[in-house]
Structures are given as structure tokens and as C-alpha cells.
Amino acid sequence: MMYYITGGERSGKSRYAQELALQLCSKPKYVATSRIWDNDHKARIDRHIAERGERWLSVTEEKVLSKVIHEGETVVIDCVTLWLTNFFSDTKNDVEKTLEQAKKEFKKLLDINATIIIISNEIGMGVHTETAVGRKFTEVQGWMNQYIANYAEKAILMVSRIPVTIKK
């Protein structure tokens, strides 16, 4: 089963996903996709791990999500935006290569018999990006969001901490 949870920044996506995972499983896994940029970022990640508590198994994986998700697990992937950023950065902002690599890795998730709750951002709903690279990334994000939502059995849009089911 795949759940797709999307919305704007600070819309309640992560909290909703974590609550859902805990309803489905007593010991879920949290897969963080963020690269650690500096000591402040590391401290923020450590704080998030501590806040989730002992019920969670927390792992970090920047790109190859399929290597850390196993049969029968309930997993929260947080988030598509940072995951795509890793591909986008590594391909020197190449839209086609980013999408090709991300789709290839995402398809591997579909072959794993697990409950996957994948969080993304609707960055295209915000202010128009000023830079060319920002606009390219917004396109990558939008196309990948569509791709993931197509495969998800259930999709939820978070608005002001309110879950709105957009696909059952």
C-alpha cells in the first residue's frame, strides 16, 4: 500500500504521516532523504529523531530508497523534495536525467511489499520562482509528484493541518 501526502510548507504533512504510520504499525521506519549540509542542519535532524522517540527506527538515505525499505515494513519517506534535490544537484540541474534516475528508483519501491507513506511538497502552488534553476526544479518536482500520485493507492493534500483526500 502506498500513501502519497502532499501540501505546502508547514501544512502538517509530516505530523499526519507519522500519526498514520503509528496507527498502522507499532514500530515504523522513518526514512529521511536530506543531506546533512552543516552542523546546524545535523542538530535539527538529531532533534527530529529525538522528538519521534524510541517507537521509530530512523535512517537516512539520500537517493537509493529501495535499499533501506524491506518487505512488511511501514515506512515514512520524508521527503520527495529533498530526495529530488539530491538527484538534481548530482546531475548538475539536468531535468531529464533527474527525472530518469528518480523514476527508476521510485519504480523499485513498487516491487516491495511494504506500506509506504511518501511525503512531498506542492512547491508549484507557491510564489513563482525568480531563478531559472528554481523554475527547472519546480518543473521536476511537479512532474515527479504527478508520477508518484499516479501509483499511490491513496493521496492526501494537507491544508492548514487538515487532510483532504484527493485519491482513494
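Below you will find a few notes about this structure. Not measured: the values here are computed from a predicted model. (Residues numbered from 1 in each chain as written. Predicted model: local features only at pLDDT ≥ 70, side-chain atom pairs only at ≥ 80, totals over all residues. Heavy atoms only, no water.)

Brief notes about the overall build of the protein
Regarding its fold elements, the protein presents five helices and seven strands. Traced from its N-terminal end to its C-terminal end, the protein shows the element sequence β-α-β-α-β-β-α-α-β-α-β-β. For the protein, whose C-alpha radius of gyration is 15 Å, the value lies close to the compact-globule estimate of 15 Å for 168 residues. Projected onto its principal axes, the C-alpha coordinates of the protein cover approximately 45 × 40 × 35 Å. Burial statistics for the protein: of 168 residues in total, 45% are counted as buried. For the protein, restricting intrachain contacts to residue pairs at least 6 apart in sequence, the fraction spanning at least 24 positions comes to 75%. Carbon and sulfur atoms form 51% of the exposed surface of the protein, whose accessible area is close to 9,200 Å². (Helix = DSSP H or I, 4+ residues; strand = E, 2+ residues; numbered from the N terminus. Rg over C-alpha atoms; globule rule 2.2 N^0.38 Å. Buried < 20%, exposed > 50% of the residue type's maximum accessible area, 1.4 Å probe, protein only. Contact = heavy atoms within 4.5 Å. Areas by Shrake-Rupley, 256 points an atom, 1.4 Å probe, with all protein chains shown as cover.)

Quick word on the nonpolar core
As a rule of thumb, nonpolar side chains are buried together in soluble globular proteins. Counting residues in each nonpolar core, the largest one holds 29 residues, and the members touching the most others are Ile69, Ile77, Trp83, Phe106, Ile118 and Met144. Of all the elements in the fold, those that place two or more residues in this core are strand 1 (2-7), strand 4 (74-78), helix 3 (80-90), helix 4 (95-109), strand 5 (115-119) and helix 5 (132-151). In contact with Met144, not counting residues within four places along its chain, are Val80, Trp83, Leu84, Leu99, Ala102, Lys103 and Phe106. In terms of nonpolar packing, the next biggest core, distinct from the first, is built from 15 residues, Tyr3, Ile5, Ala32 and Ile119 among them. (Core = buried A, V, L, I, M, F, W, Y, C linked by side-chain atoms within 4.5 Å.)

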